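Chain by chain, the residues run as shown.
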Amino acid sequence: MAICLDILLVAGRYDAGGGQDPRVVEWPPHPARAFSALRSVAMDEDLPLLYALEQLPAPRVHASEALPSQNRSYVVTNRLKNEGGNLNHVGRTSGLRERRSVFPMNPHVQFIWDSDHRLSEHSIQLLDSLARRVSYLGRSTSVVIMGFRGVENTTVPAGLEVFEPAQSASSNLQLRIPYPGYTDELNALHDQGLASWQASDSARALCRYRIVDDQSEPGAMPSEEPFWTEYRDLVILRFRDESPSGQLIPILTAALRSMVMGQTREPLPPALHGHGFDGNPHVAYLGLPVCGNEFSDGHLVGLAVAIPGMETEERRRILRGVLGADGTDDIRLQVPGFRKPFLLQYQPDASLPRAATTRHWRRVSRQWCTVTPVVLDRYPKNRDLASAVLNSITTAGMPEPDSVEVSTKGMIPGAINFRPKELPRRARGRLFCHARVVFAQPVGGPIMAGAGRYFGVGLFQPEKNDRSQ
């Protein structure tokens, strides 16, 4: 029998900083944070329950996708200034506070421990009584209702993804977990007046997790081998201070292409400039909009450079061209028509926002939908847009889809709708449309198709349907 900790985010939000840096948003909730919350309300007679719980292996986590939010405000501090400061509290100063929250699509979160019968049903009932004393998780604004129960069937609730401990060191997602001796460390930190996150800031408390795309059975891998596109690398540069409109994608990707080509050491790889390289995939420049849920407005969270498979030395030259010779985290993108440069950051380990992660665009799915319209490679006969889109998909190197659905407008919330004059210069004068395609086999992204696929249009986002789940 497994043990399940159910968590309901009452206000539909989760406010928690990422350990040492409170500006880093935490999602999904870390098991160690929930354990610390249990310890904060535990009495001496409850400690044996926590000692038993910390002995269990790292739990699976069930949580939905979430939208990040940033809040900046001035708050009154305890510091005094003779010349004044805060208008309402004379002599005291105001300090800028920046906090980040997430708003999950589903307010439910679950932790699943495989207990191997180490905890009796009576112990689970006592843990449930303990969990119901917890009023918030993270900051006090994250009001929760928590409860333990024993479960025989660990079916994943609709709308939740599965995060499970990963054996591979290549996984970038790390969650803090309780471990044997964790309760004693929390007690010692409390006695010294120190923050509880310091107990889980060590190597043994960090567990790598992966997101299970095939949720037919937790822990199972997809039964069918996926088809992978030619693009092995997806280098994402996040906007640091702005969220530009998706209508700017052609302008921003053109500026990004100019910057990368200007920073890449000669001789330029053929995949970068594209001249005399017909029939082979080129380097593609993408704008990454937030799409797919009812609150999406299509704003951009980042730009990306998709690099196809090539020789190691050419690949390294392009990567240095993207990130700069010094590999700095801050990149200044000069865009014609804008007085100030756009500030970009390379943060490959950040997990939110989801649209700014490589995992989002490289997911395996049978169903994909455009976030920017497909510019058709050829004029369709009898204005059969679906056949023309199918041709653009196969021309881009993907398998032929089972079905194609087309529309002159975006088919998911946040999808970008361009006017003809807003398309990339090389794609103007052609027909374009949005599309949803379903493949017979799972396909791993990123997927770009059409005449403008190297310049930010024709980008698809993975979707879930009955066949891909």
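For the structure, check the block above.
Notes on the structure follow.

Cut-offs applied
- Residues numbered from 1 in each chain as written.
- Predicted model: local features only at pLDDT ≥ 70, side-chain atom pairs only at ≥ 80, totals over all residues.
- Heavy atoms only, no water.
- Helix = DSSP H or I, 4+ residues; strand = E, 2+ residues; numbered from the N terminus.
- Buried < 20%, exposed > 50% of the residue type's maximum accessible area, 1.4 Å probe, protein only.
- Contact = heavy atoms within 4.5 Å.
- Areas by Shrake-Rupley, 256 points an atom, 1.4 Å probe, with all protein chains shown as cover.
- Pairing = 2+ DSSP bridges.
- Axes fitted to C-alpha atoms, helices over the stretch in contact; angles between N-to-C directions.
- Core = buried A, V, L, I, M, F, W, Y, C linked by side-chain atoms within 4.5 Å.

1. With respect to the overall build of the protein chain
For step 1, the next point in the chain: Within the protein chain one finds nine helices and 23 strands.
For step 2, the next point in the chain: Residues counted as buried form 50% of the 469 residues belonging to the protein chain.
For step 3, the next point in the chain: Within the protein chain, contacts between residues separated by at least 24 positions form 78% of all contacts whose residues are at least 6 apart in sequence.
For step 4, the next point in the chain: Roughly 22800 Å² of accessible area belongs to the protein chain as shown, and the carbon and sulfur atoms make up 48% of that amount.

2. Let's talk about the sheet that holds strand β14 (residues 231-239)
For step 1, the next point in the chain: Pairing within the open sheet is antiparallel, and its five strands lie in the order β15-β16-β14-β18-β17. A single partner strand is all that each edge strand has here, and the edge strands are β15 (284-289) and β17 (330-333). Adjacent strand axes in the sheet meet at a mean angle of 35 degrees when their direction is disregarded.
For step 2, the next point in the chain: The sheet contact formed by β14 and strand β18 (residues 342-345) spans two bridges and is antiparallel.

3. As for the pairing of strand β16 (residues 300-308)
For step 1, the next point in the chain: Counting buried positions along β16 yields nine of nine residues, so the element is predominantly enclosed.
For step 2, the next point in the chain: Pairing between β15 and β16: six bridges, direction antiparallel. Pairing of Leu-286 across the sheet is with Ala-304, part of β16.

4. As for the side chain of Asn-391
For step 1, the next point in the chain: Note on placement: Asn-391 falls in helix α9 (residues 385-395).
For step 2, the next point in the chain: The class for Asn-391 is buried, based on a relative accessible area of 18%.

5. Comments concerning the nonpolar core
For step 1, the next point in the chain: Leu-5, Ile-7, Trp-27, Leu-38 and Phe-148 are the most contacted members of the largest nonpolar core, which totals 48 residues.
For step 2, the next point in the chain: With five residues, helix α1 (residues 31-41) is the single largest residue contributor to this core.
For step 3, the next point in the chain: Apart from residues lying up to four places away in sequence, Leu-38 is in contact with Leu-50, Leu-53, Leu-130, Ala-131, Val-134, Met-146 and Phe-148.
For step 4, the next point in the chain: Grouped together as the second largest cluster of nonpolar side chains are 32 residues, Val-260, Val-322, Ile-331 and Leu-423 included.

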